[in-house]
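Next come the chains, spelled out residue by residue.
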Amino acid sequence: MTFTATVQPAGRSFNIEPDEPVLQAAIRQGVGLPYGCKDGACGSCKSRLLEGRVVHGAHQSKALSADEEAAGMMLTCCAVPQTDVVIEARSVPGAGQFAVRKMPSRVLSITRPAPDVAVLTMQLPANDPLRYHAGQYIEFILRDGARRSYSMANAPHTQTDKPAIELHLRHMPGGLFTDHVFGAMKEKDILRVEGPFGSFFLREDSPKPIVLLASGTGFAPIKAIIEHLQFKASTRSVTLYWGCRSKADLYLHDWALAAAQQMPNLRYVPVLSEPRADDAWTGRTGLVHRAVMADWPDLSGHQVYACGAPIMVESAQRDLVAQCGLPADEFYADSFTSEADKH
Ligand SMILES: Cc1cc2nc3c(=O)[nH]c(=O)nc-3n(C[C@H](O)[C@H](O)[C@H](O)COP(=O)(O)OP(=O)(O)OC[C@H]3O[C@@H](n4cnc5c(N)ncnc54)[C@H](O)[C@@H]3O)c2cc1C
Ligand code: FES
C-alpha cells in the first residue's frame, strides 16, 4: 500500500511506496529534507514524527537513541511508514533541485598528495553533465551492490565540455573500497556512480559570515565551496579552519594559502593536532573546533559548515551551539561515517 508523507511546516506532501524509507521517497521525488549518510549512522536526518507510525530499520543509537524514539523522534533514512505520516523537518530548499542519476565514470588520474590520501579525478559522460551544489557528494556503486560516498572537491561550474569530478579519499586500512583505491585501481578503470546527494551545501541566500571547518579529507567539499564562492565573487567573510594530525596531512596546504591570497575575504587557519618535530610548526595546534571556539566566542551571527571525521563534527555541533551561541539551524555538516561507525 502506498502512503503519503507530509512535511511540516512546509506543508509539502509526497508518496511512499511499500517498504520504502521516507528519505528515499523524498529524494526520488525531489523533496528537500536534511540528511547525510542515508544509513542510520550520522543523525543528520533526525526529524519529529507528528502523526502516524513508522518502523525503523537498523541504525546506530548514537544517531537515534531509544529514548529519542520513544519521545517521537525518527530517522527519515531508515523509517518505513506503516500509515500515512506527518513529519516535522527542516526543509532544505535546493536539495532536490538536481535529479539524482546513475552514470558510468572513468578514472582519469590517481595521485597521492599525502601518504594516506588519494586524489581521484573521475571523468563523467559529456552529453549530460552532472549538476550539483558545492558540498554535495556522489556514491560509487560497487560490484556487490555496496555503496561508498565521496564529496566533490571541485565546484559545479568546472563541469564544462570535459566534465570530471575531483574526489579526496583517505585510506582506511581494511576498508572495502579504499583498500582497492590504494591497491589495484588504475587509470581508465570504469566505476558506476550515482548522485548528486546530500544537504550539506552552501546556503547562498544568507549574507552571514561563514566559518568553514574541515578535518582530513573533509577538506574536499570545503574546497568546492571555496571555489564556488570565488567563482560567484562573493564578498561574504569566510574563515577556513583545516585540522590534520601533522603538516604532511595538510595535503592541499599550498592550494589553501593561494586561495586566501586571491580572495581578500578568505582567511585560512591550519591547525595541527600532533605536529611532528621535523614539521617545525609555528602555527595553531590542538583540536580544530577548539581553535574556532577560541577565535569566535560569539558565533550567534555566523553560519558554520563542518565536514570530516564523525567525532569532529559531533564535538563541533555540540560545543559551538552550547558554548558560542551558534544557532542550531546554522550548523551544516557532513559526517564521514564508514562501516566502522555502523557496528
Ligand atoms: C556523506 C558522506 C560523504 C563522504 N565523503 C568522503 C570524502 O569525500 N572523502 C573520504 O575520504 N571519505 C568520505 N566519506 C567516507 C566514505 O564514504 C567511506 O566510508 C570511507 O572511504 C571508507 O570506505 P571503505 O570502503 O574503504 O571502508 P569500509 O569498508 O567502510 O570500512 C571502514 C573501516 O571500518 C573497518 N570495518 C569494516 N567493517 C567493519 C565491521 N563490521 N566492524 C568494525 N569495523 C569494520 C574497516 O577495516 C575499515 O578500517 C564520506 C561518507 C559520507 C557518509
Ligand atoms: S542517520 Fe539518516 S542520513 Fe545519516
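See above for the structure.
J.: Please provide a residue-by-residue account of the site of ligand 1, values included.
T.: As a structural note, the neighbourhood of ligand 1 is formed by 25 residues, with Arg148, Ser149, Tyr150, His168 and Thr178 the closest of them. In the model, an oxygen atom of ligand 1 is placed 2.6 Å from a nitrogen or oxygen of the Tyr150 side chain. Within the contact set of ligand 1, an oxygen atom lies 2.9 Å away from a backbone nitrogen or oxygen of Pro173. Protein chains shield 81% of the accessible area of ligand 1, which is 970 Å² for the free molecule. Put simply, the parts of the chain that give the shell around ligand 1 at least two residues each are strand S11 (147-151), strand S12 (164-170), helix H3 (176-181) and strand S19 (331-335). For the shell around ligand 1, a count of residues per class yields ten nonpolar, eleven polar and four charged.

J.: Quick one: what's the story with the packing of aromatic side chains, residue by residue and with numbers?
T.: Overall, the coordinates contain ten aromatic pairs when judged by the stated rule. When the ring of Tyr137 is compared with that of Phe197, the centres are 5.8 Å apart and the planes differ by 35°; the resulting orientation is tilted. Taken as a pair, Tyr137 in strand S10 (residues 137-141) and Phe197 in strand S13 (residues 190-197) lie far apart in primary sequence, 60 residues in all. When its relative accessible area of 4% is taken as the criterion, Phe197 is described as buried. Consider the rings of Phe219 and Trp255, whose centres lie 6.0 Å apart with planes at 80°: the pair is edge-to-face.

J.: Can you tell me about the side chain of Glu194, naming the residues and giving the values?
T.: Along the chain, Glu194 falls in strand S13. At a separation of 2.7 Å, a polar atom in the side chain of Glu194 contacts the side chain of Arg147. In this structure, Glu194 is in contact with Val100, Arg101, Lys102, Ile138, Glu139, Ile141 and Arg147, ignoring residues within four places of it in sequence.

J.: Tell me about the sheet that holds strand S7 (residues 85-88), and name the residues and values.
T.: Ordered in space as S2-S1-S7-S3-S5, the five strands form an open sheet in which the pairing is mixed. Unpaired on one side and paired on the other, strand S2 (12-16) and strand S5 (73-75) mark the two borders of the sheet. The sheet shows a mean angle of 40° between the axes of neighbouring strands, taken without regard to direction. In this sheet, S7 lies alongside strand S1 (residues 3-8) in parallel orientation, the contact comprising four bridges. Of the residues in S7, the one forming a bridge with Ala5 is Val85.

J.: Give me helix H5 (residues 253-262): which residues, what numbers.
T.: An α-helical segment advances 3.6 residues per turn. Residues three or four places apart therefore align on the same side. Within the span of H5, buried status applies to His253, Ala256 and Ala259. The buried residues of H5 occupy an angular sector of 125° when the element is viewed end-on, so they sit on one face. Structural note: H5 exposes Asp254, Gln261 and Gln262 on the side pointing more than 90 degrees away from its buried face. Residues of H5 that are buried in the fold lie against helix H4 (219-231), strand S15 (238-244) and strand S16 (266-272).

About the thresholds
- Note on numbering: residues in each chain are counted from 1, in written sequence order.
- A letter from A marks each chain and a number from 1 marks each ligand, given out in the order of writing.
- For this predicted model, a pLDDT threshold of at least 70 governs which residues receive local features, and a threshold of 80 or more governs which side-chain atom pairs are given and counted, while totals over whole chains, interfaces and linings are taken from all residues.
- Remark: hydrogens and water are excluded; side-chain values derive from all non-hydrogen atoms of the structure.
- Note on definitions. A residue lies near a molecule or strand when any single heavy atom of the residue is within 4 Å of it.
- Polar contact criterion, stated in full: a pair of N or O atoms within 3.5 Å, where within protein one must be able to donate a hydrogen and the other to accept it, and residues adjacent in sequence count only if both atoms are side-chain atoms.
- In short, Shrake-Rupley with a 1.4 Å probe defines the accessible areas, and a residue's cover is counted only from the protein chains shown.
- To qualify as a helix, a DSSP run of H or I must reach at least 4 residues; to qualify as a strand, a run of E must reach at least 2; elements of each kind are numbered from the N terminus.
- Under the grouping applied here, Gly and all other residues not named as nonpolar or charged are polar, the nonpolar ones being Ala, Val, Leu, Ile, Met, Phe, Trp, Tyr, Cys and Pro and the charged ones Asp, Glu, Lys and Arg.
- Stacked, edge-to-face and tilted labels apply to pairs of Phe, Tyr and Trp rings (six-membered ring for Trp) whose centres lie within 6.5 Å, assigned for plane angles under 30 degrees, over 60, and everything in between, in that order.
- Relative accessibility decides the category of a residue: with a 1.4 Å probe and only protein chains considered, values under 20% of the type maximum give buried, values over 50% give exposed, and everything between is partly exposed.
- Contact between two residues is taken to exist if any of their heavy atoms lie within 4.5 Å; hydrogens are not considered.
- In this description, strands pair whenever DSSP reports at least two bridges between them.
- A fitted line through C-alpha atoms serves as each axis, taken over the contacting stretch for helices, and the angle formed by two N-to-C directions is quoted from 0 to 180°.
- In this description, one arc is meant: the one made by directions from the helix axis to the C-beta atoms.

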